[in-house]
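Chain by chain, the residues run as shown.
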Amino acid sequence: MAPKADNTEGIVLKFVNEQNRPLNVQNVADSLQKFNLKKAPIQKVLDNLCDSGKISFKEYGKQKIYLARQDQFDIPDSEELNKMKEENANLQEKLDEQKKATSEVEAEIKSLQSNLTLEEIHAKEAKLRKEVDEMEKKLIKLRGGVTLVSPEERKAIEGLYSEALNQWRRRKRMFRDVWDAITENSPKNPKEFKEELGIENDDDVGVDFQSFADLMQNGKKRARG
């Protein structure tokens, strides 16, 4: 339910005075939506306030800009302005100090939250001890000459590894063929063009395909030996 006319005028007048800045009717309507006021009635109220001399306005083409009457405000002199500036500077300094203190407290809270509780430490210790025991058992078996991987498992792993190498080799060749076709007649420097596109090959990331292929061959030699 919309407020009565006199209430509407009071609401609009209070808003204009509190804002004390240039406003058009849309600014006022947007800000007073919570009062269920529409743009047309607000326009009428603003014009009535101007006619009664409670606010002032300026026209810019077809648009009216409304302003609070400045003679109702106490305008500080230069001494008061300087005092206000000084107080503002002091308040800003205090605010900066508070922000710094808040940041330090937040950092300390974050650090404390990242630390493990005593219960978590005990649980992690137990888990690590269990892992160490399992590794020591495997180590004892290896020292005793026990083979932990069966021939079938080894063969399956080698098959997967070999397939991965073949896929890697095929993709390297496919990329090289496409890249050569693109850059063959391109005026751009291939290296700069590659950086521009964000492309990285094995050499760029320090990976050597042949070293991985050699691992396969060395593994087979050790198995035969």
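Owing to the predicted nature of the structure, the values given are computational and were not obtained by experimental measurement.

Novice: Outline the overall build of the protein chain, supporting the account with residue identities and numerical values.
Specialist: Looking only at helices and strands, the protein chain features eight helices and two strands. When the helices and strands of the protein chain are placed in sequence order, the string is α-α-α-β-β-α-α-α-α-α. Looking at the protein chain residue by residue over its 225 residues, the buried ones come to 15%. Within the protein chain, contacts between residues at least 6 apart in sequence are counted, and of these 49% link residues at least 24 apart.

Novice: How would you explain the packing of aromatic side chains if you had to name every residue and give the values?
Specialist: Taken as a whole and judged by the stated rule, the model has four aromatic pairs. Ring plane angle 90 degrees and centroid distance 4.9 Å describe the contact between tryptophan 168 and phenylalanine 209, whose orientation is recorded as edge-to-face. Taken together, the residues tryptophan 168 in helix H6 (residues 151-183) and phenylalanine 209 in helix H8 (residues 209-224) connect sequence positions 41 residues apart. Taking relative accessible area as the criterion, phenylalanine 209 reaches 12% and is therefore assigned buried. Each residue in the set Trp168, Phe209 and Phe212 is aromatic and connected to the rest through ring pairs, giving one cluster. Above the face of the phenylalanine 57 ring, lysine 64 is positioned so that its terminal group lies 5.0 Å from the ring centre.

Novice: Tell me about the pairing of strand E1 (residues 55-60), and name the residues and values.
Specialist: Sheet topology places E1 next to strand E2 (residues 63-68); six bridges connect them, and they run antiparallel. Across the sheet, residue isoleucine 55 finds its bridge partner in E2, namely alanine 68. Counted between consecutive antiparallel strands, the loop separating E1 from E2 contains two residues, among which glycine 61 sits at a positive phi close to 70 degrees.

Novice: Account for the UniProt feature "domain: Leucine zipper with capping helix" (unreviewed entry) in the protein chain, naming residues and giving values.
Specialist: Within the UniProt annotation, "domain: Leucine zipper with capping helix" (unreviewed entry) is assigned to residues 149-206. Note that residues 149-206 is 71% helix and 0% strand, and that its end C-alpha atoms are spaced 31 Å apart.

Novice: Can you lay out the pattern of salt bridges for me, pointing to particular residues and giving the numbers?
Specialist: A full pass over the atoms with the stated rule returns ten salt bridges. Note that glutamate 158 and arginine 154 form a salt bridge whose closest N and O atoms lie 3.3 Å from each other. With a gap of four residues between them, glutamate 158 and arginine 154 both fall in helix H6, about one helical turn apart. With a relative accessible area of 22%, glutamate 158 lands in the partly exposed category. On the basis of relative accessibility, which here comes to 37%, the residue arginine 154 falls in the partly exposed class. The salt bridge partner of aspartate 204 is lysine 194, with a shortest N-O separation of 3.0 Å.

Novice: Residue-level account of the packing of H6 against helix H7 (residues 190-197), with values.
Specialist: Relative to each other, H6 and H7 sit at 115 degrees, their axes nearing to 11 Å. One element, H6, and the other, H7, form an angle in the roughly perpendicular class. When the axes of H6 and H7 are compared, the crossing they make is right-handed. Across from Trp179, Ile182 and Thr183 in H6, the residues of H7 making contact are Pro190, Phe193, Lys194 and Leu197. Its residues assigned to classes, the contact of H6 with H7 shows five nonpolar, one polar and one charged.

Novice: Mind laying out the environment of leucine 116, listing which residues take part and the relevant values?
Specialist: Within the secondary structure, leucine 116 sits in the loop between helix H4 (78-114) and helix H5 (118-143). Leaving out residues up to four positions away in the same chain, leucine 116 has contacts with Ile121 and Lys124.

Cut-off values and rules
Residues numbered from 1 in each chain as written. Predicted model: local features only at pLDDT ≥ 70, side-chain atom pairs only at ≥ 80, totals over all residues. Heavy atoms only, no water. Helix = DSSP H or I, 4+ residues; strand = E, 2+ residues; numbered from the N terminus. Buried < 20%, exposed > 50% of the residue type's maximum accessible area, 1.4 Å probe, protein only. Contact = heavy atoms within 4.5 Å. Phe/Tyr/Trp six-rings, centres within 6.5 Å; stacked < 30°, edge-to-face > 60°. Lys NZ or Arg CZ within 6 Å of the ring centre and 35° of its normal. Pairing = 2+ DSSP bridges. UniProt positions renumbered as here; feature names shortened; annotations may be inferred. Salt bridge = Lys/Arg side-chain N within 4 Å of Asp/Glu carboxyl O. Axes fitted to C-alpha atoms, helices over the stretch in contact; angles between N-to-C directions. Parallel < 35°, antiparallel > 145°, perpendicular 65-115°, else oblique. Left-handed = near helix turned anticlockwise from the far one by under 90°. Nonpolar A, V, L, I, M, F, W, Y, C, P; charged D, E, K, R; others polar.

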